Amino acid sequence: MANAKSNLKVLVVGGTGYIGRRIVSASLAQGYPTYVLQRPATEIGLDIEKLQMLLSFKKQGAHLVEGSFSDIQSLVDAVKQVDVVICTMSGVHFRSHNLLLQLKLVEAIKQAGNVKRFLPSEFGLDPARMGHALEPGRVTFDEKMVVRKAIEDANIPFTYVCGAGFAGYFAGNLSQMGTLVPPKDKVLIYGDGNTKVSFMDEDDIGSYTIKTIDDPRTLNKTLYLLPPENLLTQRQLVDIWENLVGKKLEKISLSKDDLLASMKGMDYAGQVGVGHFYHIFYEGSLTNFEIEEEGEEASKLYPEVKYTRMDEYLKIYA
């Protein structure tokens with residue numbers, strides 16, 4: 001449960017999304033009064049899955065608060081009810097990509113004037129370290145930096161949560177592009193397969209995110225999700241899988257040049273994805289830096305979180 005002295009009210013924007021639903025669950029589990037932004041009926045339409053998820057949050061004790069990005073006053077009214085705002089809007093191009101909508105949320109927080117901390121939609125590669133990123137995928141990082149600048153220019157207290165390779169997208173499939181399940185016979189290895197990647201169960205991302213909201217150590221800093229036992233190379237991940245299933249896979253090495261050449265002829269979302277794979281698996285951009293005064297590492301700050309190791313995570317796929 002949350003610390004007894006803390007009655008921080010938390011608003012999650014994007015609470016029915018892939019990461020958002022984990023953050024709602026973690027906020028409820030850690031005992032915070034939890035609010036979830038619900039779009040008006042005209043915007044939800046017939047999206048029954050989204051509505052039923054919102055109602056399931058309500059059953060668990062969350063409060064649903066109506067608001068729309070086409071009505072700034074509704075966002076101001078929603079924000080005024082809480083102390084902490086967490087946004088989890090999608091930044092991936094094969095789903096929906098709407099990071100710059102957060103500028104309206106920043107404006108609402110600025111107008112409301114009561115928010116003690118804002119956590120914008122981040123969670124993956126640290127955009128402050130991606131100034132060199134490839135086109136067209138760099139748009140994700142550029143837009144996140146635009147949002148950061150708006151937050152900091154408005155003097156809104158913040159925490160940026162970065163550094164996770166989502167296990168559902170990068171571990172369960174042994175980091176294969178275009179699939180979400182492990183290959184049966186052959187596995188594509190990026191380069192020599194020895195670049196360290198931070199793999200993290202998405203539920204743990206939720207837990208660490210909520211841990212940080214009332215922690216002065218992470219105020220106006222970046223929280224990096226780099227738990228040491230989950231800093232694995234792709235080859236180590238494949239080894240874990242082979243030991244689980246008792247079978248060796250044929251390994252096919254893909255050079256950096258061949259990966260980048262594969263972008264030709266792909267649609268926009270595919271090119272963005274390949275660029276991000278390049279930065280993660282060839283450059284090591286999730287792990288190739290030292291954390292200095294700008295940030296903290298989550299598993300060091302919160303050793304009580306028993307994060308899921310990848311040998312345990314992969315069992316469900318076997």
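Before reading on, note that the structure itself is shown above.
Report follows, based on the coordinates. (Residues numbered from 1 in each chain as written. Predicted model: local features only at pLDDT ≥ 70, side-chain atom pairs only at ≥ 80, totals over all residues. Heavy atoms only, no water.)

### Examining helix α11 (residues 268-283)
Piece 1. The end-to-end C-alpha separation of α11 is 22 Å, in line with the 22 Å expected for 16 residues at 1.5 Å each.
Piece 2. Where α11 is buried, its residues touch α6 (138-153), α7 (167-170), β8 (186-190), β9 (196-200), β12 (250-254) and α10 (256-261).
Piece 3. Following α11 by one or two positions, Gly284 has its phi on the positive side, about 75°. (Helix = DSSP H or I, 4+ residues; strand = E, 2+ residues; numbered from the N terminus. Expected span 1.5 Å × (residues − 1). Contact = heavy atoms within 4.5 Å.)

### Focus on the packing of helix α4 (residues 72-79) against helix α5 (residues 102-112)
Piece 1. For the pair α4 and α5, the least separation of the axes is 8 Å and the interaxial angle reads 55°. With respect to each other, α4 and α5 are oriented oblique. Our pair here, α4 against α5, has a crossing hand that is right-handed. For the pair formed by α4 and α5, the contact residues are Ile72, Leu75, Val76 and Val79 on the first element and Lys104, Leu105, Glu107, Ala108, Ile109, Gln111 and Ala112 on the second. (Axes fitted to C-alpha atoms, helices over the stretch in contact; angles between N-to-C directions. Parallel < 35°, antiparallel > 145°, perpendicular 65-115°, else oblique. Left-handed = near helix turned anticlockwise from the far one by under 90°.)

### Remarks on the side chain of Thr308
Piece 1. Along the polypeptide, Thr308 turns up in the loop between α12 (298-301) and α13 (310-313).
Piece 2. Accessibility expressed as a relative area gives 19% for Thr308, which makes it buried.
Piece 3. Thr308 has contacts with Asp201, Asp204, Asn230 and Tyr313, leaving out every residue within four places of it along the chain. (Buried < 20%, exposed > 50% of the residue type's maximum accessible area, 1.4 Å probe, protein only.)

### Focus: the sheet that holds strand β13 (residues 295-297)
Piece 1. In spatial order, the strands read β6-β10-β13; together these three strands make up an open sheet with parallel pairing. With one partner strand each, in any of the chains shown, β6 (159-162) and β13 form the two edges of the open sheet. Ignoring strand direction, the axes of neighbouring strands in this sheet form an average angle of 25°.
Piece 2. By the bridge criterion, four bridges tie β6 to strand β10 (residues 221-224) in an arrangement that is parallel. Residue pairing in the sheet places Thr159 in a bridge with Lys221 of β10. (Pairing = 2+ DSSP bridges.)

### What about the sheet that holds strand β7 (residues 165-166)?
Piece 1. Strand order in the open sheet formed by three strands is β7-β9-β11, with mixed pairing between adjacent strands. Of all strands in the sheet, those with a lone pairing partner are β7 and β11 (231-233), marking the two edges.
Piece 2. In the sheet, β9 pairs with β11 via three bridges, with the strands oriented antiparallel. Counterpart to Lys196 in the pairing with β11 is Thr233.
Piece 3. In the packing of helix α9 (residues 234-245) onto the sheet, the strands contacted are β9 and β11, and the crossing angle to β11 comes to about 85°.

### Some thoughts on the pattern of salt bridges
Piece 1. Inspection of the entire model under this criterion finds 16 salt bridges.
Piece 2. Of the charged contacts, one joins Asp203 and Arg22 as a salt bridge, the two residues approaching to 3.2 Å between their closest N and O atoms. With Asp203 in helix α8 (residues 202-212) and Arg22 in helix α1 (residues 20-29), the pair connects residues that are 181 residues apart, well separated along the chain.
Piece 3. Asp203 sits in the partly exposed class, given a relative accessible area of 44%.
Piece 4. Arg129 is the partner of Glu294 in a salt bridge, and the nearest nitrogen-oxygen pair spans 2.7 Å. Highlighted residues: Glu294 in the loop between α11 and β13 and Arg129 in the loop between β5 (117-119) and α6, separated in sequence by 165 residues. (Salt bridge = Lys/Arg side-chain N within 4 Å of Asp/Glu carboxyl O.)

### Some points on unusual backbone geometry
Piece 1. Omega for the bond connecting Glu135 with Pro136 falls within 30 degrees of zero, at -5°, which places this linkage in the cis form.
Piece 2. Turning to its location among the elements, Pro136 is positioned in the loop between β5 and α6.
Piece 3. At Phe123, a residue that is not glycine, the phi angle is positive and equals roughly 80°.
Piece 4. Tracing the chain through its elements places Phe123 in the loop between β5 and α6.

### Describing the packing of α5 against α6
Piece 1. One can describe the packing of α5 onto α6 by two numbers: an axis separation of 10 Å at closest approach and a directional angle of 10°. By the criterion of interaxial angle, the relationship of α5 to α6 is roughly parallel. Counted together, Gln102, Leu103 and Val106 of α5 and Val146, Val147, Ala150 and Ile151 of α6 form the full contact between these two elements.
Piece 2. Class assignment of the residues belonging to the contact of α5 with α6 gives a composition of six nonpolar, one polar and no charged. (Nonpolar A, V, L, I, M, F, W, Y, C, P; charged D, E, K, R; others polar.)

### Quick look at the packing of aromatic side chains
Piece 1. For the structure on display, the rule yields 12 aromatic pairs.
Piece 2. Seen from their ring centres, Tyr190 and Phe277 are 5.7 Å apart, and the 65° between their planes marks the pair as edge-to-face. Of this pair, Tyr190 sits in strand β8 while Phe277 sits in helix α11, and the two are 87 residues apart along the sequence.
Piece 3. Relative accessible area serves as the criterion here: at 11%, Phe277 is assigned to the buried category.
Piece 4. Between Tyr224 and Phe289, the aromatic rings sit 5.2 Å apart at their centres with planes inclined by 55°, giving tilted as the arrangement. Of this pair, Tyr224 sits in strand β10 while Phe289 sits in the loop between α11 and β13; the two residues are 65 residues apart in sequence, bridging distant segments of the chain. Both residues of the pair, Tyr224 and Phe289, count as buried. (Phe/Tyr/Trp six-rings, centres within 6.5 Å; stacked < 30°, edge-to-face > 60°.)

Any link to function would need more than the numbers given here.
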